[in-house]
Amino acid sequence: MNAKDFKTLFGVALRRQRLAFAAWIGAFCLILAVIPNAYRNNLGSMELRRSVIEMMNSNAGTRLLFGTVPEPGTVGQLVQWETGMLLLVFTSIAAILIVTTVGRRGEDDGLRELVEGTGVSRAVVFAVQAAIGTAFSLAAGFSCGLVLAVQAPLFSEISVAGSVCLGVAIALAGCVFSAIALVASQLADDAVGARRISFVALFAAFSLRVGAVAAGWDRVQWLTPLGWKELLEPYTADRFLLAIPMALAALALAALAWRLYSRRELHGAYLRSASRSDSRLRAAGVFSLTLRLGRRRLLGWLVGVVATAAFIGSMAGSFVTLTKKNANYSDLLSKMSGGGEATSQIVSLFSVIVGILIVCETANAISSLAETEKKGILDVELASGTSRRRVIAAQAVAGAVESAILASAGAATLAVAVGLSLDWEHGREIAWKTVTQWPACACLAGVGCLLYALSRKLTAGVWALVGWSFALSWFGKLLELPEWASKTTLLGWSFSPSDTERLPQALGLLAVGLAASAFATAACRRRDILAS
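This text gives an overview of the structure that appears in the document. (Residues numbered from 1 in each chain as written. Predicted model: local features only at pLDDT ≥ 70, side-chain atom pairs only at ≥ 80, totals over all residues. Heavy atoms only, no water.)

1. Description of the pattern of salt bridges
In step 1: Tallied over the entire structure, the rule returns 11 salt bridges.
In step 2: In this structure, the salt-bridge partner of Glu 107 is Arg 104, at a minimum N-O distance of 4.0 Å. Of this pair, Glu 107 and Arg 104 both sit in helix H5 (residues 75–108), separated by 3 residues, roughly a single helical turn.
In step 3: With a relative accessible area of 2%, Glu 107 lands in the buried category.
In step 4: Classification of Arg 104 by relative accessible area gives buried; the value is 1%.
In step 5: In this structure, Asp 108 and Arg 104 form a salt bridge, with 3.5 Å as the shortest nitrogen-oxygen distance. (Salt bridge = Lys/Arg side-chain N within 4 Å of Asp/Glu carboxyl O. Helix = DSSP H or I, 4+ residues; strand = E, 2+ residues; numbered from the N terminus. Buried < 20%, exposed > 50% of the residue type's maximum accessible area, 1.4 Å probe, protein only.)

2. A closer look at the state of the cysteines
Disulfides are covalent bonds that link the sulfur atoms of two cysteine residues.
In step 1: Applying the stated rule across the entire model yields 0 disulfides.
In step 2: The thiol sulfur of Cys 29 is not disulfide-bonded, and the nearest other cysteine sulfur, from Cys 144, lies at 5.4 Å.
In step 3: The thiol sulfur of Cys 524 is not disulfide-bonded, and the nearest other cysteine sulfur, from Cys 449, lies at 9.6 Å. (Disulfide = S-S within 2.5 Å.)

3. Points about the packing of helix H8 (residues 160–187) against helix H9 (residues 191–215)
In step 1: Between H8 and H9, the least distance of the axes is 8 Å, while the angle of their chain directions is 140°. The angle between H8 and H9 places the two elements in the oblique class. The interaxial crossing formed by H8 with H9 has right-handed handedness. Between H8 and H9, the contacting residues are Phe 177, Ile 180, Ala 181, Ala 184, Ser 185 and Leu 187 on the first element and Ala 194, Ile 197, Ser 198, Ala 201, Leu 202 and Ala 205 on the second.
In step 2: Within the contact of H8 with H9, the residues separate by chemical class into 10 nonpolar, 2 polar and no charged. (Axes fitted to C-alpha atoms, helices over the stretch in contact; angles between N-to-C directions. Parallel < 35°, antiparallel > 145°, perpendicular 65-115°, else oblique. Left-handed = near helix turned anticlockwise from the far one by under 90°. Contact = heavy atoms within 4.5 Å. Nonpolar A, V, L, I, M, F, W, Y, C, P; charged D, E, K, R; others polar.)

Below, the structure written as structure tokens:
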């Protein structure tokens, strides 16, 4: 392998992904910079924490989602318990997206063919793909550990060793899923298929961790990177030596990816794509074509939304019991949800969790606009006589329809699950609060279409809105942000027949979405169509 070629090509790949690196790692660091102080302010004394932690560990819902809170419940242990688990998942997602973009997406766009045509070897190309994912994972782990470590002088309950250990856990999870994305890139015939396989693997890893926690099988957590944090025990035992076999597992997956890569032809795949067929595609118009092209994506998200709604809805009864038994936990939940009666707080929080998934699907649907342009599908649509305005309008309507389907399915599933685990009155309430998250999706669809109409590269901005809304919905109240800042989220503006306080805001979101869609149909006529 030529070291000079590797250095040059890696520099190019790093430059192309610099914004993704900065956005993901910057968001992680920002969260970790403020979360420890929020925990200290909201769970001040050890006596208060001890009672809350005891109830959390006895609650099946929190234990399955985040694991067991270590004793005695220091600030560092609380950070790694909840925020650390979330960072493991998001680092894995980011690693998958970055690796598939540099790897399989570059091959789909002809970049690999161009690079190899200049004399660069296949080994160098693969090494760069593996190195970019590893570099991101190590940078994420190092940055997260550093942000926590520099706070050690301010918080006696945060140790440097524990911060480094948590950073190692984050880096290992990212490296493993980078390798999984490399393997998936060899199996699938395009970047979309590679991401689907990788996300299925991520879901399986999370499910395996949940099953291991539920059954009490600690050794099973060795089989999932999302369970390695509990084995390393940051801020408790700091078992750094256990990271060695975990790193070897990531290397083994990377070796498997290389084996598959070296035996695969350019633009080849080991699995036949289900999206390619010899049968004729029949569509009555641009709207039906948009729905037809997105049906597999919609089905995948539908399964995820229904499964998540059933899972969290079944835990409603145990969460309400936990809240009523422990006033300290009730106060903490009140700060997270904005106050109110305990059961209503649980209902609002669960509806927001499902709403996060629905807005993610809407962002994914709008992002497909850029894909249709890159793949030349938009050229075919325009050549058939369809106007640009109709294409934009069709995508906006399709995104709204898909989100309405998901919101309805999530609401129905939550209503049944909460009704069975709690009572049917709150089942009906959570159904209303879930289905009325739809105006946020309509707003996001309109804003996304407007960003696309201005520039194809701006389409990714919808994910920034989703990330911001998630951060405010999950951490906003704990961070004690200014009131105006907490109101910039898309989520949480749901209502019900018995609680119409947020109805004006929901209607406002709908109006913004319609206005943005109208501007998008006008703006799309002002730029060129670019096929890559």
